[in-house]
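# Report on the structure
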Amino acid sequence: MRRAVVLLSGGMDSAVSLAEAHAAGFESHALSFDYGQRHRAELDAAALVARSLGAAQHVTVNLDLRAFGGSALTANIDVPKDRIGDRIGDRIGTDRTAQEIPITYVPARNTMFLAVALGYAETVNAHDIFIGVNAIDYSGYPDCRPEFIAAFERMANLGTKMGVEDRDIRIHTPLALMSKRDIVLRGAQLGVDFAITLTCYDPLGGQPGRAGRATPCGHCDACILRAQGFREAGIADPAQPQ
């Protein structure tokens with residue numbers, strides 16, 4: 001069976017990405033990061049998702065980005081709440097035109113995560129890496145764009161023993177051109193248990209290794225985009241408190 005490394009945050013997008021890897025016939029090796037994020041409760045969700053979807057292995061790497069800060073997710077900066085419409089969905093053009101990148105952007109996070117995933121892939125002989133980035137319903141992060149993923153894939157094949165001596169390494173982004181509505185519908189089709197996922201930048205309660213589940217705040221960009229996706233899909237979000 002072909003092997004793949006799947007970046008798994010514990011949110012709905014990464015859960016569907018893991019399900020896509022399984023549907024494509026891969027033996028999945030899930031990779032999560034404890035990077036000092038304020039929403040560390042997502043790591044409990046990642047563990048549940050990995051077990052639920054039958055990952056062959058689930059590794060969590062400590063990479064404390066609080067040493068750098070610079071983000072509402074890794075520093076003492078307020079998470080934006082109750083933003084609507086284009087204030088969430090601003091696109092970052094390939095010409096690098098001046099558009100606001102939200103303070104929830106973590107500097108170079110996906111670059112670092114993919115680099116670690118690449119090292120993990122070499123050790124388990126996986127030529128495929130899955131990441132749940134999305135270029136449509138996303139918060140304006142430049143490292144979610146297809147151009148970035150394509151550039152990283154080229155680098156991966158130039159700078160690794162596996163890429164030079166063996167066959168090409170592929171970075172899969174199965175959700176790249178899907179709306180949140182489509183992601184919800186595809187996840188339901190693949191049997192993803194959305195009730196165990198956590199998509200929130202500022203959850204209430206619940207920390208990894210402690211009793212009790214975290215409750216989504218319902219007001220951050222991640223919560224608003226998730227709620228919009230379920231609403232447009234015509235499906236009740238099972239992770240929301242009733």
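Throughout what follows, the structure given in this document is the object of discussion. (Residues numbered from 1 in each chain as written. Predicted model: local features only at pLDDT ≥ 70, side-chain atom pairs only at ≥ 80, totals over all residues. Heavy atoms only, no water.)

## Some words on the pattern of salt bridges
The full count for this structure, using the stated rule, is 11 salt bridges. For the salt bridge of Asp13 with Lys180, the shortest nitrogen-to-oxygen distance reads 3.1 Å. Within this pair, whereas Asp13 is found in helix α1 (residues 12-23), its partner Lys180 is found in helix α7 (residues 180-190), the two being separated by 167 residues in sequence. The burial state of Asp13 is the same as that of Lys180; both residues are buried. Across the pair Arg38 and Asp202 runs a salt bridge whose closest N-O atoms are separated by 3.6 Å. Of this pair, Arg38 sits in the loop between β2 (27-34) and α2 (42-52) while Asp202 is found in the loop between α7 and α8 (221-233), placing the two residues 164 residues apart along the sequence. When its relative accessible area of 29% is taken as the criterion, Arg38 is described as partly exposed. (Salt bridge = Lys/Arg side-chain N within 4 Å of Asp/Glu carboxyl O. Helix = DSSP H or I, 4+ residues; strand = E, 2+ residues; numbered from the N terminus. Buried < 20%, exposed > 50% of the residue type's maximum accessible area, 1.4 Å probe, protein only.)

## Examining the sheet that holds β2
Sheet strands pair via backbone hydrogen bonds, and the direction of the pair is either parallel or antiparallel. Sheet architecture is open: 5 strands sit in the order β3-β2-β1-β4-β5, paired in parallel fashion. Unpaired on one side and paired on the other, β3 (57-62) and β5 (170-172) mark the two borders of the sheet. Between one strand axis and the next, the sheet turns through 25° on average, direction left out of account. Those strands touched by α2 are β2 and β3, and its axis lies near 175° from that of β2. (Pairing = 2+ DSSP bridges. Axes fitted to C-alpha atoms, helices over the stretch in contact; angles between N-to-C directions. Contact = heavy atoms within 4.5 Å.)

## A closer look at α1
In this model, α1 (12 residues) spans 16 Å end to end at C-alpha, consistent with the 16 Å of a helix rising 1.5 Å per residue. Of all 12 residues in α1, 10 are buried; the element is thus mostly enclosed. Taken as a whole, α1 has its buried residues at Met12, Asp13, Ser14, Ala15, Val16, Ser17, Leu18, Ala19, Glu20 and Ala21. Where α1 is buried, its residues touch β1 (3-7), β2, α2, β4 (128-130), α7 and α8. Immediately beyond the C-terminal end of α1, within one or two residues, lies Gly25, with a positive phi of roughly 90°. (Expected span 1.5 Å × (residues − 1).)

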